Amino acid sequence: MRFHIITLFPETFDCYLSHSILGRAVANKKIELNFLNPRDFCDDPHRRIDDKPYGGGPGMVMKALPIIRAWEKASVIPFREKLPFTKKRRMKTILFSPGGRKFTNEDAKHFAHHFDDIILINGRYEGIDHRVVEATGAELISIGNYVLTGGELASMVVIDSVARQIEGVLGTYESLEEERVSSHEVYTRPEQFHFKGREYAVPKILVSGHHKKIEEWRAFSL
Ligand code: 6GU
């Protein structure tokens, strides 16, 4: 899977995407990250990326053409993966907007299995000239009912949740634990400790050695 990330702030992605499971996924070429900065696609000498909104109002709007050109470049980059020659490239464009459709884990699975390239358009300021949506066919996506200062965090949420659905990104053990991660109380050593006069102990069943009972306990705690 290749993610093409159109952003004015590519460095904001570094610390999250270069560590742990995602860092490993990049190193193992399970995912590829391709950054495009709209500022590199400006044609005016001042590299101006935003302007006042038509119709008036506060804030600045990101110009359409630098983003459309960045998108165009992302969409013509040839595959580096060895896809069969006859296979058509499956590409999806997402534009992050707090007013977009809410992103779910079902989307993450769908994107992971049905696309080879995902282009993520990240807005800042008051938004992006709407003609970007018309020119690129982007789907407007939001990650929740709150407003962020830009699409970058939303991009990382989508990249993370899509990447972990791609075969080989999670280790076998991590994959097996997929359901548990989101649905179980978990414990590790020590078996008990004290904090402010209270004892905190691991549920007895988990240290009983009865694997069948442990599975039952886990099932009931869903
Ligand atoms: Cl995709 N963008 C912004 N700016 N805020 C958000 C969001 C996206 N999703 C939730 N809040």
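Residues numbered from 1 in each chain as written. Predicted model: local features only at pLDDT ≥ 70, side-chain atom pairs only at ≥ 80, totals over all residues. Heavy atoms only, no water.

## Points about the domain arrangement of the protein chain
The condition that has to hold: As annotated, the domain borders come from an automatic or database domain assignment.
Considered domain by domain, the protein chain is made up of domain 1 (2–173) and domain 2 (181–220). The C-alpha centroid of domain 2 is placed 40 Å from the C-alpha centroid of domain 1.

## Some points on the sheet that holds strand E2 (residues 32–36)
Using the following cut-off: Here, any two strands with at least 2 DSSP bridges between them count as paired. Strands here mean DSSP runs of E at least two residues long; helices mean DSSP runs of H or I at least four residues long; both are numbered from the N terminus. Convention adopted: a line fitted to C-alpha atoms gives each axis, helices being fitted over their contacting stretch, and angles between N-to-C directions are expressed from 0 to 180 degrees.
Spatial ordering of the open sheet is given by E2-E1-E6-E5-E7, a layout of 5 strands whose pairing is parallel. The sheet terminates laterally at E2 and strand E7 (139–142), the two strands that pair on one side only. Across the sheet, the mean angle separating the axes of adjacent strands is 30 degrees when strand polarity is ignored. When strand E5 (residues 91–102) meets strand E6 (residues 117–121), the two strands line up parallel, connected through 5 bridges. Across the sheet, residue Ile 94 finds its bridge partner in E6, namely Leu 120.

## Observations concerning helix H3 (residues 64–76)
How we decide: Take the residue count of a helix, subtract one, and multiply by 1.5 Å to get its expected span. Contact definition: two residues touch when any of their heavy atoms are within 4.5 Å.
Relative to the 18 Å expected for 13 residues at 1.5 Å per residue, H3 spans 19 Å between its end C-alpha atoms, a close match to the ideal helical length. Residues of H3 that are buried in the fold lie against strand E1 (2–6), E2, strand E4 (61–62), E5, E6 and helix H5 (131–136).

## Some remarks on the site of the ligand
We apply this condition: Only heavy atoms are used to decide nearness, and a residue is near a molecule or strand if one of them lies within 4 Å of it. Pairing of N or O atoms within 3.5 Å defines a polar contact, subject to two protein rules: one partner must be a possible hydrogen donor and the other a possible acceptor, and residues neighboring in sequence count only if both atoms are side-chain atoms. A 1.4 Å probe and the Shrake-Rupley method give the accessible areas. Residues count as covered only by the protein chains that appear here.
Close contacts around the ligand come from Phe 96, Ser 97, Pro 98, Ile 141, Ser 142, Ile 143, Gly 144, Tyr 146, Val 147, Leu 148, Gly 150 and Ala 154, and that covers them all. At a separation of 2.9 Å, a nitrogen atom of the ligand approaches a polar backbone atom of Ile 143. A distance of 2.4 Å separates a nitrogen atom of the ligand from a polar atom in the backbone of Tyr 146. A total of 290 Å² of accessible area belongs to the ligand in isolation, and the protein chains cover 96% of it. Of all elements in the fold, only E5 and E7 reach the threshold of two or more residues within the shell around the ligand.

## Notes on the environment of Gly 99
Secondary-structure assignment places Gly 99 in strand E5. Distance in space between the C-alpha atoms of Gly 99 and His 194 is 47 Å, their sequence separation being 95 residues.

## Focus on the pattern of salt bridges
Short version of the rule: Note on definitions: salt bridges are taken to be side-chain nitrogens of Lys or Arg within 4 Å of carboxyl oxygens of Asp or Glu. Any residue under 20% of the maximum accessible area for its type is buried, any over 50% is exposed, and the rest in between are partly exposed; the area is computed with a 1.4 Å probe on protein chains only.
Using the criterion set out here, one finds 13 salt bridges in the structure. Among the ionic pairs, Asp 43 bridges to Arg 69, the shortest N-O distance being 3.1 Å. You can see Asp 43 sitting in the loop between E2 and strand E3 (50–51) and its partner Arg 69 sitting in helix H3, a full 26 residues away along the chain. Residue classification places Asp 43 among the exposed positions, given a relative accessible area of 63%. In this structure, the salt-bridge partner of Arg 101 is Asp 107, at a minimum N-O distance of 3.1 Å.

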